[in-house]
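Spelled out from the first residue to the last, the chains are:
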Amino acid sequence: RTVGGFDLCWRAPKSVSLLFAFGDPDVSAAVRDAHDAAVAAAFDYVESRAAGTRTGHGGTEQLTVDALVAAAFRHRTSRSGDPHLHTHVLVANMARASDGKWRTLDGRLLYHHAKTAGYLYQAHLRHELTKRLGVTWGPVTKGTADLAAVDRSMIWAFSDRRRQIVEHLDTTGFRSARAAQIATLTTRPAKAPTAAASIRQVWTAKAVEVGFDPTSLARVLHTRPVRRTPLSAQPELMHQLTGPEGLTHTDSTFDRR
């Protein structure tokens, strides 16, 4: 089938979206800018590592491309209206190859590097927010971490879409990645446009309903000074990565991703 393009989506953790939604204007702008910087870093990785095309019999000849043709759209809400800072980067399925001709992309590369780009986005977002707002993070699980001082019950209270998906999975009894994808599409409501003023009123009313004090988010700010890793620590880091508990702990080999 014809593929017109690819949707690369990078999503901030829910606690970060809450800080964006309920922080004062300066804090909200800092969160937005940190997110944009992380999206740019992730896209730069995709463009440098996952942009290519194929030609020749059976597409066996791989060619590099000049760049990706893309447009980014930042959103602030989920389909259910909860705070959900995320950006869709729509990549056109076309690029000028090294032979000067415009060709379709090798989509396998994008899928191959998608998870790595997502992990990089999350790591860069944590770095940017720590640098800009001095925040502290909870444990990193599958590349993602929430702000340390944000209560999990409040994160769940503002995760209506996630709750809808989980409830659908509970009903069907399936737990695979494919089942989650089907549940996401099955429970997805239509988008309803909302003005900036009205959506903040909705968020504030929900905060009151669930007993969440938005001003409590101030305690996550400026709790951690930025510390840069000295050059002398890099050999130790390399030892951790290549040691028996590092990248080869469960696999005998690893690739650049």
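Residues numbered from 1 in each chain as written. Predicted model: local features only at pLDDT ≥ 70, side-chain atom pairs only at ≥ 80, totals over all residues. Heavy atoms only, no water.

**Q** Can you break down the nonpolar core residue by residue, with the values?
**A** Residues Trp10, Leu19, Phe22, Val31, Val46, Leu129 and Leu133 are the most contacted members of the largest nonpolar core, which totals 51 residues. Elements with a contribution of two residues or more to this core: strand S1 (5–11), helix H1 (14–22), helix H2 (25–49), strand S5 (83–92), helix H3 (107–133), helix H4 (152–157) and helix H7 (196–210). With 10 residues, H2 is the single largest residue contributor to this core. (Core = buried A, V, L, I, M, F, W, Y, C linked by side-chain atoms within 4.5 Å. Buried < 20%, exposed > 50% of the residue type's maximum accessible area, 1.4 Å probe, protein only. Helix = DSSP H or I, 4+ residues; strand = E, 2+ residues; numbered from the N terminus.)

**Q** Outline the packing of H1 against H2, supporting the account with residue identities and numerical values.
**A** As a packed pair, H1 and H2 sit with axes 7 Å apart at the nearest point and diverge in direction by 140 degrees. Considering the angle they form, H1 stands oblique to H2. For the pair formed by H1 and H2, the contact residues are Val16, Leu19 and Phe20 on the first element and Val27, Ser28, Val31 and Arg32 on the second. Its residues assigned to classes, the contact of H1 with H2 comprises five nonpolar, one polar and one charged. (Axes fitted to C-alpha atoms, helices over the stretch in contact; angles between N-to-C directions. Parallel < 35°, antiparallel > 145°, perpendicular 65-115°, else oblique. Contact = heavy atoms within 4.5 Å. Nonpolar A, V, L, I, M, F, W, Y, C, P; charged D, E, K, R; others polar.)

**Q** Outline H3, listing residues and values.
**A** End to end, H3 covers 37 Å across 27 residues, agreeing with the expected 39 Å (1.5 Å per residue, within 8%). Phi turns positive one or two residues past the end of H3, at glycine 134, with a value near 60 degrees. (Expected span 1.5 Å × (residues − 1).)

**Q** Lay out the sheet that holds strand S4 (residues 70–77) in plain terms, naming residues and giving numbers.
**A** Spatial strand order, S1-S5-S4: three strands in an open sheet with antiparallel pairing. In this open sheet, the two strands that pair with only one neighbour each are S1 and S4. For this sheet the average axis-to-axis angle between neighbouring strands, irrespective of direction, equals 20 degrees. Here seven bridges tie S1 to S5, and the two strands are oriented antiparallel to one another. (Pairing = 2+ DSSP bridges.)

**Q** Tell me about the pattern of salt bridges, and please be specific about residues and values.
**A** All chains considered together, the criterion is met by 11 salt bridges. With a closest N to O distance of 2.5 Å, aspartate 99 and arginine 103 form a salt bridge. Salt bridges sharing common partners tie together Arg54, Asp106 and Arg108. (Salt bridge = Lys/Arg side-chain N within 4 Å of Asp/Glu carboxyl O.)

**Q** A description of H1 should follow, citing residues and the corresponding values.
**A** Along an α-helix, residues three or four apart share an orientation, since each turn contains 3.6 residues. Across the nine residues of H1, nine count as buried, placing the element largely inside the fold. Of all the positions in H1, only Lys14, Ser15, Val16, Ser17, Leu18, Leu19, Phe20, Ala21 and Phe22 are classed as buried.

**Q** Account for the packing of H2 against H3, with residues named and values stated.
**A** Packing of H2 against H3 leaves a shortest axis separation of 8 Å and a crossing angle of 150 degrees. Considering the angle they form, H2 stands roughly antiparallel to H3. Here H2 and H3 pass one another in a crossing that is right-handed. A per-class count over the contact of H2 with H3 returns 18 nonpolar, four polar and four charged. (Left-handed = near helix turned anticlockwise from the far one by under 90°.)

**Q** Please set out a nonpolar patch on the surface residue by residue, giving values where relevant.
**A** Together, Leu237, Met238, Leu241, Leu247 and Phe254 line one region of the surface with nonpolar side chains, adding up to about 470 Å² of accessible area. Among the residues examined, methionine 238 registers a relative accessible area of 47% and is labelled partly exposed. (Patch = residues over 30% accessible without salt bridge, like charges linked within 9 Å, V, L, I, M, F, W, Y side chains within 5 Å. Areas by Shrake-Rupley, 256 points an atom, 1.4 Å probe, with all protein chains shown as cover.)

**Q** An account of unusual backbone geometry is needed here, citing residue identities and associated values.
**A** Its identity as a non-glycine residue notwithstanding, lysine 142 has a phi of 55 degrees, on the positive side. Tracing the sequence through the fold places lysine 142 in the loop between H3 and H4. Although it is not a glycine, histidine 222 sits at a positive phi angle of roughly 55 degrees. Accessibility expressed as a relative area gives 62% for histidine 222, which makes it exposed.

**Q** Requested: an account of the pairing of strand S3 (residues 61–64), with residues and values cited.
**A** In terms of strand pairing, strand S2 (residues 52–55) meets S3 through four bridges, oriented antiparallel. Looking at S3, one finds that arginine 54 is bridged to glutamine 62. Count of turn residues in the S2/S3 antiparallel hairpin: five residues, of which glycine 56 carries a positive phi of about 85 degrees.

**Q** Tell me about the packing of aromatic side chains, residues and numbers included.
**A** What characterises a pair of aromatic rings is the spacing of the ring centres plus the angle enclosed by the ring planes. On inspection of all chains with the given rule, the structure shows four aromatic pairs. Ring geometry for phenylalanine 22 and phenylalanine 158: centres 5.8 Å apart, planes at 70 degrees, overall edge-to-face. With phenylalanine 22 in helix H1 and phenylalanine 158 in the loop between H4 and helix H5 (160–172), this residue pair connects regions lying 136 residues apart in the sequence. Here phenylalanine 22 and phenylalanine 158 have matching classes, each one buried. (Phe/Tyr/Trp six-rings, centres within 6.5 Å; stacked < 30°, edge-to-face > 60°.)

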